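Each chain is listed here by its residues.
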Amino acid sequence: ETGVTQSPTHLIKTRGQQVTLRCSSQSGHNTVSWYQQALGQGPQFIFQYYREEENGRGNFPPRFSGLQFPNYSSELNVNALELDDSALYLCASSLGSLSGNTTDTQYFGPGTRLTVL
Amino acid sequence: DQQVKQNSPSLSVQEGRISILNCDYTNSMFDYFLWYKKYPAEGPTFLISISSIKDKNEDGRFTVFLNKSAKHLSLHIVPSQPGDSAVYFCAASWGPAGNAGNMLTFGGGTRLMVKP
């Protein structure tokens, strides 16, 4: 069983640029959540995708956007990068269900370290 | 407003002794709590969880205690081992964390150092 994978591992961008981060969910999982972890802090929820639809969003501006594909992999896009966007971006997958048969936890990938100069 | 807080940024413990990590929350709507461990350059790894209908959950060396009236939970590691040295995050959600629509709210983390 393959776990959650993310690419790239590291990325350096300059202010104003755009970036796309990718996540492959664990086999059998249909829900992907994205988190931002700034240095010295806990992860903060950005948004979640369930069956290709955005299914919840944290306190992040619209320049943070995402997609989920039919195979349940996902992308996080950030436009007009700012210095404060420098962080570790974590993707987590789980099995979500409207009928209640779900995984108890979210399984995290290793993250993408984004540096904005 | 921080809804989940870990007030100790670091904790140092001797190998073989008990490690106790604490977490407080303010939102009474949280009913599912988790602990994750994180090594450098890796994503958080799930350790143990507890739902609000319980006050204790054990898994090997790890035990989580929940005090709903105090809005407080703690993770006990007995005995502590050098390999336990990592950053530990407490997290909370409304319902099973894996379910669609449920997000995790994390504390700031506690760095545990277990000395040989």
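Before reading on, note that the structure itself is shown above.
What this report covers is the structure whose coordinates are included nearby. Within every chain, residues take consecutive numbers counted from 1 along the sequence as written. Numbering of ligands from 1 and lettering of chains from A proceed in the order in which they are written. Only residues with pLDDT of 70 or above have their local features reported here, since the model is predicted, and side-chain atom pairs are shown and tallied only from 80 upward, although totals for entire chains, interfaces and linings are computed over all residues. With hydrogens and water set aside, each side-chain value is computed from the structure's full complement of heavy atoms.

1. A word on the packing of aromatic side chains
Rule in force here: In this analysis, rings of Phe, Tyr and Trp, with Trp reduced to its six-membered ring, are considered paired at centre separations within 6.5 Å, and the interplanar angle assigns stacked below 30 degrees, edge-to-face beyond 60, and tilted for intermediate values. Here a strand is any run of E in DSSP of at least two residues, a helix any run of H or I of at least four, and the numbering for each starts at the N terminus. Only protein chains enter the accessibility calculation, which uses a 1.4 Å probe; a residue is then buried when its area is under 20% of its type maximum, exposed when over 50%, and partly exposed in between.
Applying the stated criterion across every chain yields a total of 13 aromatic pairs over all chains. Here Phe108 of chain A and Phe106 of chain B contribute two aromatic rings whose centre-to-centre distance is 6.0 Å and whose plane-to-plane angle is 70 degrees, an arrangement assigned as edge-to-face. Highlighted residues: Phe108 of chain A in strand E10 (residues 107-108) and Phe106 of chain B in strand E10 (residues 105-106), drawn from two different chains. The burial state of Phe108 of chain A is the same as that of Phe106 of chain B; both residues are buried. Seen from their ring centres, Phe30 of chain B and Trp94 of chain B are 5.4 Å apart, and the 35 degrees between their planes marks the pair as tilted. Residue Phe30 of chain B is located in the loop between strand E3 (19-25) and strand E4 (32-38), and its partner Trp94 of chain B is located in the loop between strand E9 (86-93) and E10; the two are separated by 64 residues in the primary sequence.

2. Side note on the state of the cysteines
Residues and elements named next belong to chain A. Here is the rule we go by: Throughout, disulfides are identified as pairs of cysteine sulfur atoms within 2.5 Å of each other.
For the structure on display, the rule yields 2 disulfides over all chains. Here Cys23 engages in a disulfide with Cys91; their sulfurs sit 1.7 Å apart. On the sign convention where negative is left-handed, the bridge of Cys23 and Cys91, at about -50 degrees about the S-S bond, is left-handed. With Cys23 in strand E3 (residues 19-24) and Cys91 in strand E9 (residues 87-94), the pair connects residues that are 68 residues apart, well separated along the chain. The exposure class of Cys23 is buried, given its relative accessible area of 3%.

3. Thoughts on the sheet that holds strand E8 (residues 72-77) of chain B
Residues and elements named next belong to chain B. The condition that has to hold: At least two DSSP bridges between two strands are needed for those strands to be called paired.
Read from one edge of the open sheet, 5 strands run E1-E3-E8-E7-E6, paired in antiparallel fashion. Each edge of the sheet is formed by a strand with only one pairing partner; in this case those strands are strand E1 (4-5) and strand E6 (56-59). As judged from the 4 bridges shared by E6 and strand E7 (residues 62-67), these two strands associate in the antiparallel manner. Opposite Asp59, over in E7, you have Phe62 as the bridge partner.

4. Thoughts on a nonpolar patch on the surface
Applied cut-off: Exposure above 30% relative accessible area and the absence of a salt bridge qualify a residue for a patch, where like charges join within 9 Å and nonpolar side chains (Val, Leu, Ile, Met, Phe, Trp, Tyr) within 5 Å. Exposure was quantified through the Shrake-Rupley algorithm and a 1.4 Å probe, taking into account, for residues, occlusion by the shown protein chains and nothing else. A pairing counts as a salt bridge when a side-chain nitrogen of Lys or Arg comes within 4 Å of a carboxyl oxygen of Asp or Glu.
The grouping of Ile18, Ile20 and Val78 of chain B at the surface amounts to a nonpolar patch, some 230 Å² of accessible area in total. Topologically, Ile18 of chain B is positioned in the loop between strand E2 (10-14) and E3.

5. Structural notes on unusual backbone geometry
Residue and element names in this part refer to chain A. Pro8 follows Ser7 through a cis peptide bond whose omega is -10 degrees. Note that Pro8 resides in the loop between strand E1 (5-7) and strand E2 (10-13). Even without being a glycine, Tyr72 presents a positive backbone phi close to 75 degrees. Its location among the elements puts Tyr72 in the loop between strand E7 (64-68) and strand E8 (74-78). Judged by relative accessible area, which is 27%, Tyr72 ranks as partly exposed. At Ala80, a residue that is not glycine, the phi angle is positive and equals roughly 45 degrees. On the accessibility criterion, Ala80 (43% relative accessible area) is partly exposed.

6. Some thoughts on the side chain of Lys37 of chain B
Residues and elements named next belong to chain B. As a reminder of what qualifies: Only four residue types enter the charge count: Lys and Arg as positive, Asp and Glu as negative, with His and the chain ends excluded. Counted as a polar contact is a pair of N or O atoms within 3.5 Å, where, for protein atoms, one must be capable of donating a hydrogen and the other of accepting one, and residues adjacent in sequence contribute only when both atoms are in side chains. It only takes one pair of heavy atoms within 4.5 Å for two residues to be counted as in contact.
Position of Lys37 relative to the elements: it lies in strand E4. Within the buried core, Lys37 has no salt-bridge partner, and the shortest N-O distance to an opposite charge, that of Asp84, equals 4.6 Å. A polar atom in the side chain of Lys37 sits 3.0 Å from the side chain of Tyr39. Once residues lying within four places of it in the same chain are set aside, the contact partners of Lys37 are Gly43, Pro44, Thr45, Leu47, Gly83, Asp84, Ala86, Val87 and Tyr88.

7. Examining the sheet that holds E1 of chain A
In a beta sheet, neighbouring strands pair by backbone hydrogen bonds and run either parallel or antiparallel. All names here are of chain A. Put simply, the test is: Note on method: axes are straight lines fitted to C-alpha atoms, helices fitted across the in-contact stretch only, with angles between N-to-C directions ranging 0 to 180 degrees.
If you trace the 4 strands from one edge of the open sheet to the other, you get E1-E3-E8-E7, paired in antiparallel fashion. With one partner strand each, in any of the chains shown, E1 and E7 form the two edges of the open sheet. Between one strand axis and the next, the sheet turns by 20 degrees as a mean value, whatever way the strands run. Of the strand pairs in this sheet, E7 and E8 are connected by 5 bridges, and their pairing is antiparallel. Looking at the pairing, Gln68 lines up with Ser74 of E8.

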